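Summary of the model geometry
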Amino acid sequence: MSDKFSNKPYLLEVRHLKKYFPIRAGFFRRIVGQVRAVDDVSFAIREGETLGLVGESGCGKTTTARTILRAIDPTEGQILFRTAQNEVVDLAALSEKEIRPLRRDMQMIFQDPFASLNPRMNILDIVGEPLLVIEKMKDRKQRMERVAELLELVGLRPEYMQRFPHAFSGGQRQRIVIARALALNPRLVVADEPVSALDVSVQAQVLNLMKDLQEKLGLTYLFVAHDLSVVKHFCDRINVMYVGKIVESGPTDAIFFHPRHPYTSALMSAAPIANPRIRAKIVPLEGDVPSPANPPSGCYFHPRCPYAEEKCAKETPQLEEIAPDHLVRCHYAHELTLQGVAKPQEIIAS
Ligand code: SF4
């Protein structure tokens, strides 16, 4: 845990979270199997921190994020959330009615700003919708004032509020999505690939805006992404997921420069690096991600792992702390010396 956050309380603690989707077949639609989209995931985020959730498509990162916000119901586990009144509640145990007042504290930013804005509504109605529906702010003038404030906060001109989404570029639309997410002063923002649908030139602007807003408003982010170069600059800590499980978790620098799980090492080495003075030895990642409906025995990564031994196919490794705040799910985490991304000073020294 970086010193910056070690004295902050946890805002969110996820314990043994599972989300299984039943597979039905036959005339009577009997359950014949389970898709283990999220399989015993535990982690915590402190107030003001940014935690990245990374992995290949289908690893369960988006399902984890949606389950935490109770957009879908968990199969098992606890989602402990510290409310504004400093009470810890288990979101997994609450009914939809009980969870409604807490919704203002937790908001989501979606990947596609084109799909997440209703083309028939103007910006005033889009950004003002949560104010009207949840805050019950019926007075239109009051809503306009708050929307103007929010648009300014995200770097848009208040007079844009009468326009419709088609009049805006991708980056501007994502700013509108962010303004709507901030309308109710949330404390936790779950950002699901918030810049992956944007042009590269605009991505940095939106990420910088999110960072500024975090400092200004004291936001806590759960940042879901597959683009590791984005995660590296944005997150304080990273959880790497593979087939519904966390395989490595630690501070961003440790994950990038000293990965201890072979899957993390392969992912990090494949990430594009903008700085020519930094390099990574490419570790090839062969084969496909296994299906969470029928995962391999033992370590789920063993069919693709260049270091797999007999034990790996038989025994399931547990997530173990191998250094302070650095956890790894691998039988040989202590023995393996893996390639991470080399820092410039290490290249000069080598
Ligand atoms: Fe590879 Fe075995 Fe470690 Fe799994 S447990 S990552 S197969 S070495």
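Here we take up the domain arrangement of the chain. Domain boundaries in the chain define domain 1 (3-241) and domain 2 (262-346). Each partner contributes residues to the interface: domain 1 has 14 residues there, and domain 2 has 14 residues. At the boundary of domain 1 with domain 2, total buried surface from both sides reaches about 1200 Å², with 62% on carbon and sulfur atoms. When the buried area of domain 1 at its contact with domain 2 is split by residue, Glu56, Leu228 and Val240 rank highest and sum to 43% of it. The tally of links from domain 1 across to domain 2 stands at one salt bridge. Note that Glu56 is salt-bridged to Arg304, the shortest N-O span being 3.2 Å. Residue assignment for the side of domain 1 that touches domain 2 shows that the elements contributing at least two residues are strand S2 (30-46), helix H8 (228-234) and strand S9 (237-242).

We now examine a positive patch on the surface. A cluster of basic side chains, namely Lys97, Arg100, Lys136 and Lys138, defines a positive patch on the protein surface. In this structure, Lys136 sits in the loop between helix H4 (123-133) and helix H5 (140-153). On the basis of relative accessibility, which here comes to 55%, the residue Lys136 falls in the exposed class.

A word on unusual backbone geometry. In this structure, His16 is a non-glycine residue whose phi angle is positive, near 50 degrees. For His16, the location among the structural elements is in strand S1 (residues 10-25). For His16, a relative accessible area of 48% gives the class partly exposed.

Moving on to H5. Under the 1.5 Å per step criterion, the end-to-end length of H5 is 20 Å for 14 residues, consistent within 8% with the ideal 20 Å. All of the buried residues in H5 are Arg143, Arg146, Val147, Ala148, Leu150 and Leu151. At the exit of H5 stands Gly155, carrying a positive phi of roughly 85 degrees.

All right, on to the packing of aromatic side chains then. Following the criterion strictly, the structure yields seven aromatic pairs and no others. Between the aromatic rings of Phe27 and Phe28, the centroid separation amounts to 5.2 Å while the plane-to-plane angle is 85 degrees, which identifies the pairing as edge-to-face. Overall, Phe27 belongs to the exposed group, its relative accessible area being 77%. Judged by relative accessible area, which is 62%, Phe28 ranks as exposed. Between the aromatic rings of Tyr242 and Phe301, the centroid separation amounts to 5.2 Å while the plane-to-plane angle is 85 degrees, which identifies the pairing as edge-to-face.

Applying the stated criterion across every chain, the model contains three cavities of 30 Å³ or more. If you add up the space inside the largest cavity, you get close to 90 Å³. Every residue lining the largest cavity is counted, 13 residues in all, and those nearest its centre are Pro262, Cys299, Cys305, Cys312 and Cys330. Looking at the lining of the largest cavity, its residues break down into ten nonpolar, three polar and no charged. Put simply, the second largest cavity is a space of about 60 Å³. Contributing to the lining of the second largest cavity are Tyr242, Lys245, Val247, Gly298, Cys299, Tyr300, Phe301, Thr316, Pro317 and Arg329. Class assignment for the residues of the lining of the second largest cavity results in six nonpolar, two polar and two charged.

So, on to the nonpolar core. Within the largest apolar cluster, 61 residues are counted, with the highest numbers of intra-cluster contacts made by Ile178, Met210 and Phe223. Shared between two domains, this core holds at least three residues of each, these being domain 1 (3-241) and domain 2 (262-346). In contact with Met210, not counting residues within four places along its chain, are Ile109, Ile178, Ala191, Pro194, Tyr221, Phe223 and Phe234. Counting residues in each nonpolar core, the second largest holds 29 residues, with Leu11, Phe81, Leu222 and Val224 among its members.

Further remarks concern a nonpolar patch on the surface. On the surface, a cluster of nonpolar side chains totalling about 220 Å² of accessible area is made up of Leu132, Val133 and Ile134. Inspection of the secondary structure puts Leu132 in helix H4. With relative accessibility at 34%, the residue Leu132 sits in the partly exposed group.

Scoring rules and cut-offs
- Residues numbered from 1 in each chain as written.
- Predicted model: local features only at pLDDT ≥ 70, side-chain atom pairs only at ≥ 80, totals over all residues.
- Heavy atoms only, no water.
- Domains from an automatic or database assignment.
- Contact = heavy atoms within 4.5 Å.
- Buried area = accessible area lost by both parts, 1.4 Å probe.
- Salt bridge = Lys/Arg side-chain N within 4 Å of Asp/Glu carboxyl O.
- Helix = DSSP H or I, 4+ residues; strand = E, 2+ residues; numbered from the N terminus.
- Patch = residues over 30% accessible without salt bridge, like charges linked within 9 Å, V, L, I, M, F, W, Y side chains within 5 Å.
- Areas by Shrake-Rupley, 256 points an atom, 1.4 Å probe, with all protein chains shown as cover.
- Lys, Arg positive; Asp, Glu negative; His and termini not counted.
- Charge placed at Lys NZ, Arg CZ, Asp CG, Glu CD.
- Buried < 20%, exposed > 50% of the residue type's maximum accessible area, 1.4 Å probe, protein only.
- Expected span 1.5 Å × (residues − 1).
- Phe/Tyr/Trp six-rings, centres within 6.5 Å; stacked < 30°, edge-to-face > 60°.
- 1 Å grid on protein atoms, 1.4 Å probe; cavity = no way out; pocket = protein on both sides within 12 Å on 5 of 7 lines; lining within 4 Å.
- Points joined across faces, edges and corners; volume = space filled by probe spheres on them.
- Nonpolar A, V, L, I, M, F, W, Y, C, P; charged D, E, K, R; others polar.
- Core = buried A, V, L, I, M, F, W, Y, C linked by side-chain atoms within 4.5 Å.

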